[in-house]
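# Structural overview for review
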Amino acid sequence: MSPAARLRGLRPDWLNNPKIWRTEVLAGLVVALALIPEAISFSIIAGVDPAIGLFASFTMAVTISIVGGRRAMISAATGAVALVIAPLNREHGFGYLVAAVILAGVFQVALGAVGVAKLMRFVPRSVMVGFVNALAILIFMAQVPEMHDVPWAVYPLIVGGLALMVFFPKVTKVIPAPLVSIVILTVITVAAGISVPTVGDKGALPSSLPTPGLPDVPFTLDTLTTIAPYALAMALVGLMESLMTAKLVDDITDTRSNKTRESIGQGIANIVTGFFGGMGGCAMIGQTMINVRVSGARTRLSTFLAGAFLMVLCIAFGPVVSDIPMAALVAVMVMVSFATFDWHSIAPKTLKRMPAGEITVMALTVAVVVATHNLAIGVVVGTITAMVIFAKRVAHLAEVTTVVDPDGSTVVYRVTGELFFASSNDLVTQFNYTTDPGKVVIDLSETHIWDASSVAALDAIENKYAQRGKDVEIIGLNRPSAQIHQKLSGELTGSH
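Now for a look at the structure at hand. Predicted model, so just to flag it, every value in this text is computed and none were measured.

## Concerning the packing of helix H7 (residues 125–143) against helix H17 (residues 356–372)
Between H7 and H17, whose axes approach to 8 Å, the crossing angle comes to 30°. The chirality of how H7 crosses H17 is right-handed. On the side of H7, the interface is formed by Ser126, Val127, Val129, Gly130, Phe131, Asn133, Ala134, Ile137, Leu138 and Met141, while H17 contributes Glu358, Val361, Met362, Thr365, Val366, Val369 and Val370. Of the residues that constitute the contact of H7 with H17, the class distribution is 12 nonpolar, 4 polar and 1 charged.

## With respect to the pairing of strand S3 (residues 399–404)
Sheet analysis places S3 next to strand S4 (residues 410–419), joined by 6 bridges and oriented antiparallel. Pairing of Val404 across the sheet is with Val411, part of S4.

## Notes on H17
An ideal rise of 1.5 Å per residue puts 24 Å on 17 residues; H17 measures up with 24 Å between its terminal C-alpha atoms. Those residues of H17 that fall on the buried side of the exposure criterion are Gly357, Val361, Met362, Thr365, Val366, Val368 and Val369. Where the residues of H17 are buried, they touch H7, helix H16 (348–353) and helix H18 (375–394). Among the residues trailing H17, His373 stands out with phi positive, at a value near 60°.

## Concerning a nonpolar patch on the surface
Taken together, Phe338, Trp343, Ile346 and Leu351 make up a surface patch of nonpolar side chains, about 390 Å² in accessible area. Judged by relative accessible area, which is 32%, Leu351 ranks as partly exposed.

## A look at the sheet that holds strand S6 (residues 471–475)
Strands pair in a sheet through their backbones, by hydrogen bonds, and they do so in one of two ways: parallel or antiparallel. The sheet built from 4 strands is open, its strands ordered S3-S4-S5-S6 with mixed pairing. Sheet topology places S3 and S6 at the edges, where each strand pairs with a single neighbour. Averaged over all adjacent pairs, the angle separating strand axes in this sheet is 20°, with direction ignored. As paired strands, strand S5 (residues 439–449) and S6 are joined by 5 bridges and run parallel to one another. Across the sheet, the residue bridging to Ile442 is Ile474, located in S6. Where helix H19 (residues 452–466) meets the sheet, it contacts S4, S5 and S6, and its direction lies at approximately 175° from that of S5. Here helix H20 (residues 479–488) sits on the sheet in contact with S5 and S6, set at roughly 120° to S5.

About the criteria used
- Residues numbered from 1 in each chain as written.
- Predicted model: local features only at pLDDT ≥ 70, side-chain atom pairs only at ≥ 80, totals over all residues.
- Heavy atoms only, no water.
- Axes fitted to C-alpha atoms, helices over the stretch in contact; angles between N-to-C directions.
- Helix = DSSP H or I, 4+ residues; strand = E, 2+ residues; numbered from the N terminus.
- Left-handed = near helix turned anticlockwise from the far one by under 90°.
- Contact = heavy atoms within 4.5 Å.
- Nonpolar A, V, L, I, M, F, W, Y, C, P; charged D, E, K, R; others polar.
- Pairing = 2+ DSSP bridges.
- Expected span 1.5 Å × (residues − 1).
- Buried < 20%, exposed > 50% of the residue type's maximum accessible area, 1.4 Å probe, protein only.
- Patch = residues over 30% accessible without salt bridge, like charges linked within 9 Å, V, L, I, M, F, W, Y side chains within 5 Å.
- Areas by Shrake-Rupley, 256 points an atom, 1.4 Å probe, with all protein chains shown as cover.
- Salt bridge = Lys/Arg side-chain N within 4 Å of Asp/Glu carboxyl O.

What follows is the structure in structure tokens.
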């Protein structure tokens, strides 16, 4: 291989392929335009100046494009984080908010390093589907205020924007349809002098880049105890939302991402954002869907450019961006909402085949997320519910069958299924302690002992027989079961 060919192999895909480069650049521009009103709205939720949210979106996107583990995913200021830290800003001031963002980043790096990302394997598919559907509903609900009590011209603009995004890709996919829609609707409203709400109505755009600095707080233990609970909550919510988004993008793109690197990367991005005076953030599912599903981006370039274009648009083209009608951005987000929702999951044919427990988990996840406007709470509630349903389902899988020797001196109980805290509770009641002969054999060759509850149940069985002067022999334990039984047997009660 020639040196030139070797060098091409080391380059990112977008440098070798002009088509990919064009897709990534245009996707970054569309996301940047969509980020501006969102960042301003989240700033209002957090109770800070709009520039703070825009700075956070810039530093989060640029940093995560380098250190993150999921390509093409967009991280910026988010509503979930804003809700968590708003009370801290309200009660103690902006300096404490910035300090909490930095500490949250430290927590995320630590949690990522100890492998918290591996917990994602315990999130069932039904929760994931519920999460996606709830997200689509929240994205749509966030647009409703922009369609309420507004001039009548807003409605035809939204319909026109949706029509452009549906039909323009049939003409060409070279330029993202959302970008075409935003440009055309802006030109129409400005040229015709149509008075509708614009991006500029959301708040003033920054006129310069953010500068680094330390948070304006006393560096004392009292400050640490004040910000720590908010920082931990922000770290957990941010990681949950980011890892769920990464998993969603993995499924859409049929590629794998490094969740541990993403967790640590989110922490680094928040630390950087805090030192630049931003309000912190995490992965943004709506903007990620615009980038990945609508615009077709697949590399880190689109994420980097989303942040870079955001600042360029605000600083260099502030007056032009301020004239973009909110109706254009509402149309984009409504389209994203429609594309994000898993319509197959609620089709009658699917619901007929799905187990009732999984439908319940999916519906509960959606309901909790929509009610709380917190994706993390919904995922936790859905996952716990799924685990309870699973435990209840397998609790009755442990069965006991009896074989009595012809001479009547020995009885053999054969146990099949899994022994754990739920199934072992019924185990004690399935033996005939009074009428059984003096020798009892419990054959566990077709089962597995998973926890201390199962060992305690076996101890209780032995004790009940011992009280009646009968001997019990346990046979057939596989190696892991034998190890846990040997380690814990007789140690869980005061009877031995």
